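Next come the chains, spelled out residue by residue.
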Amino acid sequence: GKQIDAPTLDQVKCSSTLREMALDPNSKSFLEDDGSLIAPREEPSDFLFVPTKYAVRFKAIADLMVQHGVDVDCGFPAIVQMLRHLESDLKVELVSLCTSVNQTRGLSITIEQCAASPNSYGVYRPIEMDQSGLETWTVMFDRLTFG
């Protein structure tokens, strides 16, 4: 028969907290017409721009997710899916993110590697000021912003 991969720990984490949230009576107005919650897979969710016309609904959904301990990497994709269901004119644009998933994440070396890359990035994961300091952050910000 067909082999089915076991869910990852993150998928289990997402499904249990999103299920809790979907069962909350306060989430009813944000669910699909049949009362279900379409939960997209977990995605790195470092940045999300929300136009002000969607801000009130976004905040209401996000508040529910916070109450139920939904992780941001599970929550942002689910919020976008819920808003798509509620707002027919919602447009989603994905931009490429420059980041690292290893020990250089949040350090200036990651930004330097991204800047030297031939790829074009729409967003750079920020430098962690508590790890690199304000001076390093400022230098990298100016370099990326002003060349």
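Procedures and definitions
Residues numbered from 1 in each chain as written. Predicted model: local features only at pLDDT ≥ 70, side-chain atom pairs only at ≥ 80, totals over all residues. Heavy atoms only, no water. Helix = DSSP H or I, 4+ residues; strand = E, 2+ residues; numbered from the N terminus. Buried < 20%, exposed > 50% of the residue type's maximum accessible area, 1.4 Å probe, protein only. Contact = heavy atoms within 4.5 Å. Areas by Shrake-Rupley, 256 points an atom, 1.4 Å probe, with all protein chains shown as cover. Salt bridge = Lys/Arg side-chain N within 4 Å of Asp/Glu carboxyl O. Polar contact = N/O pair within 3.5 Å; in protein donor to acceptor, adjacent residues only side chain to side chain. Core = buried A, V, L, I, M, F, W, Y, C linked by side-chain atoms within 4.5 Å. Phe/Tyr/Trp six-rings, centres within 6.5 Å; stacked < 30°, edge-to-face > 60°.

Asker: Explain the overall build of the chain residue by residue, including any values.
Answerer: For the chain, the helix and strand inventory stands at six helices and two strands. Seen in sequence order, the chain has helices and strands lined up from the N terminus as α-α-α-β-α-β-α-α. For the chain, with 147 residues in total, the buried portion stands at 29%. Here the contacts in the chain between residues at least 6 apart in sequence split such that 65% fall between residues at least 24 apart. As displayed, the chain offers around 10100 Å² of accessible surface, 55% of which is attributable to carbon and sulfur atoms.

Asker: So, the pattern of salt bridges: which residues are in play, and what are the values?
Answerer: Under the counting rule described, the total for this entry stands at three salt bridges. Arginine 57 is the partner of glutamate 87 in a salt bridge, and the nearest nitrogen-oxygen pair spans 2.8 Å. Taken as a pair, glutamate 87 in the loop between α3 (72–86) and β1 (97–98) and arginine 57 in helix α2 (residues 55–67) lie far apart in primary sequence, 30 residues in all. According to the relative accessible area criterion, glutamate 87 is buried, its value standing at 18%. Residue classification places arginine 57 among the partly exposed positions, given a relative accessible area of 34%. We note a salt bridge from aspartate 63 to lysine 59, for which the minimum N-O separation is 2.7 Å. Here aspartate 63 pairs with lysine 59, and both are found in helix α2, just four residues apart, close to one helical turn.

Asker: Can you tell me about the side chain of histidine 68, naming the residues and giving the values?
Answerer: Inspection of the secondary structure assignment puts histidine 68 in the loop between α2 and α3. Of note is the side chain of histidine 68, whose polar atom sits 2.7 Å from the side chain of aspartate 24.

Asker: Can you break down the nonpolar core residue by residue, with the values?
Answerer: Leu18, Ile61, Met65, Ile79, Met82 and Leu83 are the most contacted members of the largest nonpolar core, which totals 19 residues. Mapped by element, the contributors of at least two residues to this core are α1 (9–23), α2 and α3. With residues near it in sequence (within four places) discarded, leucine 83 still touches Arg57, Phe58, Ile61 and Leu90.

Asker: An account of the packing of aromatic side chains is needed here, citing residue identities and associated values.
Answerer: This model, assessed by the stated rule, comprises one aromatic pair. Relative to phenylalanine 76, the ring of phenylalanine 58 has its centre 6.0 Å away and its plane inclined at 55°; by these criteria the two rings are tilted. Placement of the pair is phenylalanine 58 in helix α2 and phenylalanine 76 in helix α3, with a sequence separation of 18 residues. Judged by its relative accessible area of 21%, phenylalanine 76 falls in the partly exposed class.

Asker: Hey, could you go over the environment of phenylalanine 30 for me, with residue numbers and the actual values?
Answerer: Secondary-structure assignment places phenylalanine 30 in the loop between α1 and α2. For the pair phenylalanine 30 and leucine 83, spaced 53 residues apart in the sequence, the C-alpha separation amounts to 7.8 Å. With near-sequence residues (within four places) excluded, phenylalanine 30 lies in contact with Arg57, Ala60, Ile61, Leu64, Met82 and Leu86.

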